[in-house]
Amino acid sequence: MIEELLNQKETSKSILIIDSFEHSSTNLLNTLIKKFFEKDNLNTSLNFYPTTRSSKKKFSKFFSKNIINETILLNIFASNQNVLELALNQLRQNNEQKKKFIIVIDNLNLLIRHFDNNPFFFIHFAIECSRQPDICQLICVAHEQTFSNEVLNQIRQIFQTVVRINDTKMRQDEITMFSKLNKHILKFSLRIDHRSFKTSKILTYDEVLYLDNEYSIQKVEKILKKKSKLKEEDETEDDMLKGLTFNVHLSSDDLEAKKNLVLPYELIGQKQKTTIENKETESKIFYAPDEADDVDDDDPDDDLNF
């Protein structure tokens, strides 16, 4: 899934990348921006909004300064204005060529701190971006440690795709395999929750991504979760019985009665016997004809028309 997202083969209107202080998303974000420039995007403009000067300086080393928009940076600490609304209005005013936009925000934590840690203004901004036909994608980065679980869950709900990133150590066989490339390889473990436009279902993907120091994809591994057959059957049975308002399980008395039950078709061809007060007797049928019956002992079937 991550390869499809980076190569724009899978459509996503909004992507949230969740990282941590230990596991930075900078390399993944650089790869995403690089993939954008490798495509023929003449009608689409990428706008990168840094929230700090160090972030601006870091990304300026790798990409053109033309993509860096300082609207948020210049106003996030120096103004009480709604910097998101300011950035959105500026995009609309400067869109003389009627281009489409990709908006990249590198640090949601600082941005929401600008609004006194209230995510309402950003949520409103993200919903507004999803409604605008000239904004084709919104990409944001959030650092997990500085958000409360409540705020982070609120933000997650409005994104079509959520990528949680973790760095992982390379195994010795992987180091040997990539050593021939003469490049520094980084390994990332990803958990991707993606809501499909076609089915509206949220699908989860666990993948391992290998990037080199030039922000190129070297390899992607998909992790498949295997379950034992016994476990799957147990889970299926639990799912079927979950929420029932009546008991479907049998007691020991029920099982004994079921075991001793003899069904009528099992008696076909057998001589029927009944036990009364421990005395075995043969069952008989007694028939008393009505007054209108014409009983012929020589031909019992005389009244049948055949």
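Please refer to the structure higher up on the page.
Here goes a summary of the coordinates provided. (Residues numbered from 1 in each chain as written. Predicted model: local features only at pLDDT ≥ 70, side-chain atom pairs only at ≥ 80, totals over all residues. Heavy atoms only, no water.)

## Overview of the nonpolar core
Taken as a class, soluble globular proteins show a tendency for nonpolar side chains to be buried jointly.
1) Next: If you look at the biggest cluster of nonpolar residues, it comprises 32 residues, and the most contacted ones within it are Ile105, Leu108 and Phe122.
2) Next: Tallying contributions element by element places helix 5 (residues 83–93) first for this core, with 5 residues.
3) Next: Setting aside its immediate chain neighbours within four residues, phenylalanine 122 contacts Leu84, Leu108, Leu111, Ile112, Cys140, Ile155, Ile158 and Phe159.
4) Next: Formed by 28 residues, the second largest nonpolar core is a distinct cluster that contains Met1, Leu29, Val141 and Val163. (Core = buried A, V, L, I, M, F, W, Y, C linked by side-chain atoms within 4.5 Å. Buried < 20%, exposed > 50% of the residue type's maximum accessible area, 1.4 Å probe, protein only. Helix = DSSP H or I, 4+ residues; strand = E, 2+ residues; numbered from the N terminus. Contact = heavy atoms within 4.5 Å.)

## Notes on the packing of helix 5 against helix 7 (residues 120–131)
1) Next: Relative orientation of the contacting elements helix 5 and helix 7 amounts to 25°, with a least axis distance of 10 Å. Taken as axis vectors, helix 5 and helix 7 run roughly parallel relative to one another. The segment helix 5 lies against helix 7, with Leu84, Leu88 and Arg92 engaging Phe121, Phe122, Phe125, Glu128 and Cys129.
2) Next: Of the residues assigned to the contact of helix 5 with helix 7, the class counts are 6 nonpolar, no polar and 2 charged. (Axes fitted to C-alpha atoms, helices over the stretch in contact; angles between N-to-C directions. Parallel < 35°, antiparallel > 145°, perpendicular 65-115°, else oblique. Nonpolar A, V, L, I, M, F, W, Y, C, P; charged D, E, K, R; others polar.)

## As for the environment of arginine 113
1) Next: Inspection of the secondary structure assignment puts arginine 113 in helix 6 (residues 108–114).
2) Next: For the pair arginine 113 and phenylalanine 77, spaced 36 residues apart in the sequence, the C-alpha separation amounts to 9.8 Å.

Honestly, it's all geometry; don't read function into it.
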